[in-house]
Amino acid sequence: MKTLVNVLGVAAMAAAMTFAANATAGKAIYDRACKTCHGADGTPNPGIAKMMKVDMKDLKSDDVQNMSDADIKKIVTDGKGKMKPVKSVSGEAIDNVVAYIKTLKK
Ligand code: HEC
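Residues numbered from 1 in each chain as written. Predicted model: local features only at pLDDT ≥ 70, side-chain atom pairs only at ≥ 80, totals over all residues.

## Let's talk about the site of the ligand
- Neighbouring residues of the ligand: 22 residues in total, closest Cys34, Cys37, Lys57, Gly81 and Met83.
- At the level of secondary structure, the elements contributing two or more residues to the shell around the ligand comprise helix H2 (35-38), helix H3 (46-52), helix H5 (69-78) and helix H6 (92-102).
- Partitioned by chemical class, the residues of the shell around the ligand number 16 nonpolar, three polar and three charged. (Near = placed C-beta within 6 Å. Helix = DSSP H or I, 4+ residues; strand = E, 2+ residues; numbered from the N terminus. Nonpolar A, V, L, I, M, F, W, Y, C, P; charged D, E, K, R; others polar.)

Given below as structure tokens:
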């Protein structure tokens, strides 16, 4: 019985840690795959916006923060307007990067 309690305790801890790890892992992915264009904290890189001749939304803004996780995932996999699909980010990495973006909320 004691063993079972221990196992459950470890599982709960692992679950809590996985959640924290997602956004942390997401930051590393963001820094590698998104930061050049979207800025360190989600503020669009003005040089990129000018070069692409497009108004990029601040990732911290309500417009982006109110998007569903699925919508953001779709932008990463399918692209949006002038943003090309980010092929280097797939599977779990997309969930992690979306989790990270949600932590940027002002
Ligand atoms: C080469 C530059 C570039 C990279 C790299 C890039 N983006 Fe974008 N992203 C853009 C541009 C430009 C737009 C605006 C597209 C438009 O409206 O035409 C955009 C739009 C978005 C939007 C919607 C907000 C808006 O402005 O409409 C989200 C969310 C987003 N990007 C997330 C990401 C994530 C997550 C990554 C990394 C996995 C990423 N982007 C990588 C250039 C980039």
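## As for the packing of H5 against H6
- At a minimum axis separation of 10 Å, H5 and H6 run at an interaxial angle of 120°. Viewed along their axes, H5 and H6 adopt a mutual orientation that is oblique. Here H5 runs over H6; the crossing is right-handed. Across the interface between the two elements, Asp69, Ile72, Lys73, Val76 and Thr77 of H5 pack against Ile94, Val97, Val98 and Ile101 of H6.
- A per-class count over the contact of H5 with H6 returns six nonpolar, one polar and two charged. (Axes fitted to C-alpha atoms, helices over the stretch in contact; angles between N-to-C directions. Parallel < 35°, antiparallel > 145°, perpendicular 65-115°, else oblique. Left-handed = near helix turned anticlockwise from the far one by under 90°. Contact = placed C-beta atoms within 7 Å.)

## Section: unusual backbone geometry
- Positive phi, normally seen in glycine, also occurs at Lys53, with a value near 50°.
- In this fold, Lys53 is placed in the loop between H3 and helix H4 (62-65).
- On the basis of neighbour counts, which here come to 7 C-beta atoms within 10 Å, the residue Lys53 falls in the exposed class. (Buried ≥ 20, exposed ≤ 12 C-beta atoms within 10 Å, placed from the backbone.)

## A few points about the environment of Ala99
- Inspection of the secondary structure assignment puts Ala99 in helix H6.
- Look at Ala99 and you get buried, because 20 C-beta atoms sit within 10 Å.
- Measuring from C-alpha to C-alpha, the distance between Ala99 and Asn22 comes to 6.5 Å, with 77 residues separating the pair along the chain.
- Not counting the four nearest positions on each side in its chain, Ala99 is found in contact with Asn22, Ala23 and Gly26.

## Points about the nonpolar core
- By size, the foremost hydrophobic cluster in this structure holds 15 residues, and its most contacted members are Val97, Val98 and Ile101.
- Only helix H1 (2-33), H5 and H6 provide two or more residues apiece to this core.
- If one sorts the elements of this core by residue count, H6 sits on top with six residues.
- Those residues in contact with Val97 that sit more than four places away from it in its chain are Gly26, Ile29, Tyr30, Cys34, Val76 and Val89. (Core = buried A, V, L, I, M, F, W, Y, C linked by C-beta atoms within 7 Å.)

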